[in-house]
Amino acid sequence: MPAPTRDRNAFSQGKPLWSRAIATPTVEFGPTPLTVLVGQVPTDLRGSLYRNGPGRLQRAGETVDHWFDGDGGILAIHFAAGGATGLYRYVQTQGLQAEVAANRYLYPGYGKPASGPFWKRLSAKPKNVANTSVFALPDKLLALWEADNPHALDLETLETLGLDDLGILQPRQPYSAHPKWDTQTGDLYNFGVVLGRRNYIQLYRSDATGQIRQQGQLPLSRTSLVHDFVLAGPYLIFLIPPVVLSLLPILLQNKGFSDAMQWQPQHGTQVIVVDRHTLEEVSRFETDPWFQWHFGNGYQVADGTVVIDYVRYDNFDTNQWLKEFVTGYPKTPVSARLYRLRIDAAVGKVLSNEPQLDQECEFPIVAPQDVGQYHNSLFYCYKSQPKNEEYFDSIGCLQPDSGRTSQLTFANGCYPIEPTYVPGPQGTDWILTVVFDGNQDQSTLQILPADNLEAGPICILALPEIIPFGFHGTWKTK
Ligand SMILES: [Fe+2]
């Protein structure tokens, strides 16, 4: 008999309204025509939005130790002639199915060490929660999680088809959650971090079908956490933060990954520049210590220097905030600021590294056609009030050259997720975001004009269930 889920009102009492979105597991729903609440769906908006994120954070009365350990659930919204259909499905991972059958958590994860007798803990493998991002290939959707192979799903129904080796991946070979797609060449770049007897980054270049065609390797001088990278003109660039993972407690299963990582600023941040064509190292150098989860974009300017926009943290306390997120009231102070780093990639030297905005922000993105190229606009989520316990309540667009911003703060108690950029056929582009309204316990899909966020949504669609805050998504044009 499954344990009853906790009460939303009891969980969120005394907490910010956003906590209501994570109080209970997300309820799956099949293809559902979405009701228009405001405006109308643009008639030339055709294609599919896919979003991934932890859909459930508890099972049988137990809460996950870290937000990153929630089981991945996918929201798809298919836009066809003048209307939209939404559905939500959990990724049917082997781990999820075993835990459903057992009605309890069975596996270690990013935050959770293995349990049980010592001999059993030693052989325990973390659960692939498939919860971090999605990438749409021509014939399948990939649900990505950075420490394992991706799962393939049906693009229309979200039926889980199983783990996918993209032609060559070995079982458990990592394929990270931030692939970079060059829309001009069709090349898809990604990486996986391998730690153990040898520490290295495995590099992948795939063709437009997702099939891996080329690999490379970058030795790592420390056991660090590398979540994202940047495609910048002719380069792939990695910033290795001074976060060091102690492997022994992981091997002995005394700690989860999250608690086995230490902030060691004395090491500084290491920059590794790779030639995107040969996948060979061009330069490697050290600079100041900071941590970043995400890059907005990178590109090479005419004089050969490289620009990289990223969200910078002063230290690794963000990991503790993300752990506390599952309580609905995180307390650890963090400072996340959008920065612009300029480097001489060939020589291996930092030229400048400056803040661009004085707002706590995350989830920086650019238009898909700008990835690796010059970008005139960069979109992000931010907090209008710098409160530790609050979640993002605003979406912004920065034009980095001029410093001009266009920003939209949603009504009190309403929280957007990472913006998704949708190129329109007539040059009219849109930003899509899912907004949770904690006053109404209602999630909506909102369509905003990309060139004027301040104008507000041109269309709001009601979603049939609460969609919790997730991580990353993508758009696939029909
Ligand atoms: Fe991410």
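Along every chain, residues carry numbers that run from 1 in the direction the sequence is written. Per-residue local features of the predicted model are confined to residues with pLDDT of at least 70, and side-chain atom pairs are confined, for both listing and counting, to 80 or more; whole-chain, interface and lining totals are unaffected and use all residues. Water and hydrogen atoms were dropped before computing side-chain values, which therefore reflect all heavy atoms in the structure.

### Describing the overall build of the protein chain
(1) Moving on: Helix and strand assignments follow DSSP, with helices taken as H or I runs no shorter than four residues and strands as E runs no shorter than two, numbered in order from the N terminus. Across its full length, the protein chain holds 5 helices and 35 strands.
(2) Moving on: Taken against the 2.2 N^0.38 rule, which gives 23 Å for 478 residues, the C-alpha radius of gyration of the protein chain at 21 Å falls within 12% of a compact globule.
(3) Moving on: Projected onto the principal axes, the alpha-carbon positions of the protein chain cover approximately 60 × 55 × 45 Å.
(4) Moving on: Each residue is assigned to one of three classes by its accessible area relative to the maximum for its type, calculated with a 1.4 Å probe on protein chains only: buried under 20%, partly exposed between the two thresholds, exposed over 50%. Residue burial in the protein chain is summarised as follows: out of 478 residues, 60% are buried.
(5) Moving on: Between two residues, a contact is recorded if the distance between any of their heavy atoms is within 4.5 Å. Of all intrachain contacts in the protein chain linking residues separated by at least 6 positions in sequence, the fraction that spans at least 24 positions is 58%.
(6) Moving on: Of the accessible surface of the protein chain, which amounts to about 18,600 Å², a share of 49% is contributed by carbon and sulfur atoms.
(7) Moving on: Charge centroids of the protein chain, computed over 38 positive and 48 negative side chains, lie 7 Å from each other. The atom set for the radius of gyration is the C-alpha atoms, and the globule formula is 2.2 Å times the number of residues raised to the power 0.38. Here the open area of atoms and residues is found with the Shrake-Rupley method and a 1.4 Å probe, where only the protein chains shown may cover a residue. Only four residue types enter the tally: Lys and Arg on the positive side, Asp and Glu on the negative side; His and the chain ends are excluded. Each charge is placed at NZ for Lys, CZ for Arg, CG for Asp and CD for Glu.

### Remarks on the UniProt feature "binding site: Fe cation" (unreviewed entry) in the protein chain
(1) Moving on: UniProt positions are given in the numbering used here, feature names are shortened, and annotations may be inferred rather than shown by experiment. Here the UniProt feature "binding site: Fe cation" (unreviewed entry) sits at His 178, His 227, His 294 and His 472. Considering the C-alpha atoms alone, the annotated residues occupy 295 residues of sequence yet fold into one spot, their largest mutual distance being 12.6 Å.
(2) Moving on: Tracing the sequence through the fold places His 227 in the loop between strand S15 (212-219) and strand S16 (230-232).
(3) Moving on: Assessed through its relative accessible area of 9%, His 227 is described here as buried.
(4) Moving on: Discounting residues that sit within four places of it in the chain, His 227 has contacts with Thr 132, Glu 146, His 178, Phe 191, Trp 293, His 294 and His 472.
(5) Moving on: Contacts described as polar in this section are N or O atom pairs within 3.5 Å, which, within protein, must combine one atom able to donate a hydrogen with one able to accept it, while residues neighboring in sequence count only if both atoms come from side chains. At 3.0 Å, the side chain of His 227 and the side chain of His 178 are in polar contact.
(6) Moving on: Residue position: His 294 is located in the loop between strand S21 (281-287) and strand S22 (295-300).
(7) Moving on: Those residues in contact with His 294, other than ones at most four positions away along the chain, are His 178, His 227, Asp 228, Tyr 310, Val 311, Glu 362, Phe 363, Pro 364 and His 472.
(8) Moving on: In this structure the side chain of His 294 is engaged in a polar contact, spanning 3.3 Å, whose partner is the side chain of His 178.

### Points about the pattern of salt bridges
(1) Moving on: A carboxyl oxygen of Asp or Glu within 4 Å of a side-chain nitrogen of Lys or Arg is what we treat as a salt bridge. Across all of its chains, the model carries 15 salt bridges by this definition.
(2) Moving on: Of the charged contacts, one joins Glu 418 and Arg 51 as a salt bridge, the two residues approaching to 3.0 Å between their closest N and O atoms. With Glu 418 in the loop between strand S30 (414-416) and strand S31 (420-422) and Arg 51 in strand S3 (residues 47-56), this pair connects stretches of sequence that are 367 residues apart. This pair shows no difference in class: Glu 418 is buried, exactly as Arg 51 is.
(3) Moving on: Residue Arg 340 is joined to Asp 309 by a salt bridge in which the shortest nitrogen-to-oxygen separation is 2.7 Å.

### Some thoughts on the UniProt feature "transmembrane region" (unreviewed entry) in the protein chain
(1) Moving on: Within the UniProt annotation, "transmembrane region" (unreviewed entry) is assigned to residues 229-252.
(2) Moving on: Between the C-alpha atoms that bound residues 229-252 there is a distance of 30 Å. The span itself is 21% helix and 50% strand.

### Looking at unusual backbone geometry
(1) Moving on: You will see that Ala 60, though not glycine, has its phi angle at about 50 degrees, which is positive.
(2) Moving on: By the secondary structure assignment, Ala 60 is in the loop between strand S4 (58-59) and strand S5 (62-63).
(3) Moving on: Under the relative-accessibility criterion, Ala 60 is labelled partly exposed at 40%.
(4) Moving on: Located in the positive-phi region is Asn 103, a residue other than glycine, with phi close to 55 degrees.
(5) Moving on: Mapped onto the fold, Asn 103 is located in the loop between helix H2 (94-102) and helix H3 (118-122).

### Details of the coordination of the iron ion
Under ideal tetrahedral coordination, the four donors around a metal are separated by 109.5 degrees; under ideal octahedral coordination, the six donors are separated by 90 or 180 degrees.
(1) Moving on: Metal-coordinating donors are taken as N, O and S atoms lying within 2.8 Å of the metal, or within 3.2 Å when the metal is Na, K or Ca; because water is left out, some sites can appear incomplete. All of the protein donors around the iron ion are His 178 (NE2), His 227 (NE2), His 294 (NE2) and His 472 (NE2); their distances to the metal are 2.1 to 2.2 Å.
(2) Moving on: Only four donors with every angle between 85 and 135 degrees are called tetrahedral; only four or six donors with opposite donors over 155 degrees apart and all others between 65 and 115 are called square planar or octahedral, in that order; all others are irregular. For the iron ion, the 4 donor atoms in the first shell make angles of 89 to 166 degrees at the metal, a pattern classed as irregular.
(3) Moving on: Mapping the donors of the iron ion onto the primary sequence yields the spacing H-x48-H-x66-H-x177-H. Here His 294 lies in the loop between S21 and S22 and His 227 lies in the loop between S15 and S16, a separation of 67 residues in the sequence. Just as His 227 is buried, His 294 falls in that class too.

### Re the nonpolar core
(1) Moving on: Residues belong to one nonpolar core when they are buried, are Ala, Val, Leu, Ile, Met, Phe, Trp, Tyr or Cys, and are joined through side-chain atoms within 4.5 Å. By size, the foremost hydrophobic cluster in this structure holds 99 residues, and its most contacted members are Phe 79, Phe 238, Tyr 391, Leu 445 and Phe 469.
(2) Moving on: Ranked by residues supplied to this core, first place goes to strand S32 (residues 430-437) with 6 residues.
(3) Moving on: Sequence-distant contacts of Leu 445, defined by excluding residues within four places in its chain, comprise Leu 49, Ile 77, Phe 79, Leu 432, Thr 433, Val 434, Cys 459, Ile 460, Leu 461 and Leu 463.
(4) Moving on: Val 230, Phe 295, Tyr 339 and Leu 341 belong to the second largest nonpolar core, which has 17 residues in total.

### Points about H2
(1) Moving on: Residues Gly 95, Leu 96 and Glu 99 constitute the buried set of H2. Down the axis of H2, the buried side of the element spans an arc of 100 degrees, and every buried residue falls inside it. Exposed and facing more than 90 degrees away from the buried side of H2 are Gln 94 and Ala 101.
(2) Moving on: In the core, the buried residues of H2 are packed alongside S4, strand S6 (71-80) and strand S7 (83-90).
(3) Moving on: Asn 103 lies just past H2 and shows a positive phi near 55 degrees. Directions pointing from the helix axis toward each C-beta atom define the arc.

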